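Each chain is listed here by its residues.
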Amino acid sequence: MADVFSIDSDRIVRAGHAALARIADPIADPVAPAVRHLAAQMADHMERAGGVGLAAPQLGVSLRMVVFFVPASRVTSLPGDSAEPLTVLINPVVEAVDREIELGLEGCLSLPGLRGVVPRFKSIRYRGFTLDGNEIDRTVSGFHARVVQHEVDHLDGILYPARMTDLTSLVYVDEVNARGGETANG
Ligand code: NI
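Within every chain, residues take consecutive numbers counted from 1 along the sequence as written. Thresholds applied to this predicted model are a pLDDT of at least 70 for local features of residues and 80 or more for the giving and counting of side-chain atom pairs; totals over whole chains, interfaces and linings are not thresholded and use all residues. Values reported for side chains reflect all heavy atoms of the structure, with hydrogen atoms and water molecules removed beforehand.

What about the sheet that holds strand 3 (residues 84–96)?
Two modes of strand pairing occur in sheets, parallel and antiparallel, and in both the strands are linked by backbone hydrogen bonds. Note on pairing: two strands pair once DSSP finds at least 2 bridges between them. Secondary structure follows DSSP: runs of H or I at least 4 residues long count as helices, runs of E at least 2 residues long count as strands, and numbering of each begins at the N terminus. Pairing in this open sheet of 5 strands is antiparallel, and the strands run 1-2-3-6-7 from one edge to the other. Single-partner strands in this sheet number two, and they are strand 1 (53–55) and strand 7 (135–141). Going across the sheet, the axis of each strand differs from the next one's by a mean of 40 degrees, ignoring polarity. Here strand 1 runs beside strand 2 (residues 65–70); their pairing, made up of 3 bridges, is antiparallel. Considered in strand 2, the bridge of leucine 54 is made with valine 67. Contact definition: two residues touch when any of their heavy atoms are within 4.5 Å. Whenever a helix is involved, its axis is fitted only over the stretch in contact; in every case the axis is a line through C-alpha atoms, and angles between N-to-C directions fall within 0 to 180 degrees. Its contacts with the sheet place helix 2 (residues 33–49) against strand 1, strand 2 and strand 3, and it is angled at close to 45 degrees to strand 2. Those strands touched by helix 3 (residues 142–154) are strand 1, strand 2, strand 3, strand 6 (123–129) and strand 7, and its axis lies near 160 degrees from that of strand 2.

Written as structure tokens, this is what we have:
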């Protein structure tokens, strides 16, 4: 089992790495010490890179775990969108609450420098497990819903450009910042 958790590089891998293009494996034992260790490494990489979310495949580890948080500055006025501390979600499952779609600008630590406008479900229900083996079952909206959809997509080999409906909005962040755009980076 140890080799499952070995990290082949001490960096966030970028688009083109095999781990970002495959369906990640479920985690058999969420309370295993190796899972907690991996989650800590993910949180550390995320924070050092200035992101708001990271999925295990972004460290080259093909397992179904994500970490994220919701900064107060990103919270929208939608019900179910509130600031959230660092959250570890193991074996997450996401479903849309309704079919309502919202557009928002996203970035990805595996596509450094780029941003794009991505349609996401405005509200989702997600379930999964914590590092203590407890079940998480949340219904959320807005930024919270967006970051979870972005990170869980990584577990299925999907990078945000594959969700975009208008690729003319795929731009470099330097140019976006020059216009004062709001971004999500995971
Ligand atoms: Ni990402």
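So that's the structure; there's more coming.
So, helix 2
Expected helix span is computed as 1.5 Å times (number of residues minus one). In this model helix 2 runs 24 Å from its N-terminal to its C-terminal C-alpha over 17 residues, within 8% of the 24 Å that 1.5 Å per residue would give. For helix 2, every residue scored as buried is listed here: Val35, Leu38, Ala39, Met42, Ala43, His45 and Met46. Looking straight down helix 2, one finds its buried side chains confined to an arc of 165 degrees; they lie on one side. Of the residues in helix 2, the exposed ones pointing more than 90 degrees away from the buried face are Pro33, His37, Glu47 and Arg48. Working definition: with a 1.4 Å probe on protein chains only, accessible area under 20% of the residue-type maximum means buried, over 50% means exposed, and in between means partly exposed. This arc is built from the directions going out from the helix axis to the C-beta atoms.

A word on the nonpolar core
Membership of the largest hydrophobic core comes to 19 residues, with the highest contact counts inside it found for Met42, Leu54 and Met65. Going through the elements one at a time, helix 2, strand 2 and strand 3 are the ones with two or more residues in this core. With 5 residues, helix 2 is the largest single contributor of residues to this core. Residues belong to a common nonpolar core when they are buried Ala, Val, Leu, Ile, Met, Phe, Trp, Tyr or Cys residues joined through side-chain atoms within 4.5 Å.

Examining the packing of aromatic side chains
Only rings of Phe, Tyr and Trp enter the pairing, Trp through its six-membered ring, and a pair is recorded when the two centres are within 6.5 Å. The plane angle decides the type: under 30 degrees is stacked, over 60 is edge-to-face, the rest tilted. Across all of its chains, the model carries 1 aromatic pair by this definition. On the basis of an interplanar angle of 85 degrees and a centroid distance of 6.3 Å, the ring pair of phenylalanine 68 and tyrosine 126 is categorised as edge-to-face. A residue pair is termed long-range when its members are at least 10 positions apart, and phenylalanine 68 in strand 2 and tyrosine 126 in strand 6 qualify at 58 residues. Of the residues examined, phenylalanine 68 reaches a relative accessible area of 0% and is grouped as buried.

Focus: the pairing of strand 2
With 5 of 6 residues buried, strand 2 lies mostly within the body of the structure. Relative to strand 3, strand 2 runs antiparallel, the two being bridged by 5 bridges. The residue bridging valine 66 from the neighbouring strand is leucine 89, located in strand 3.

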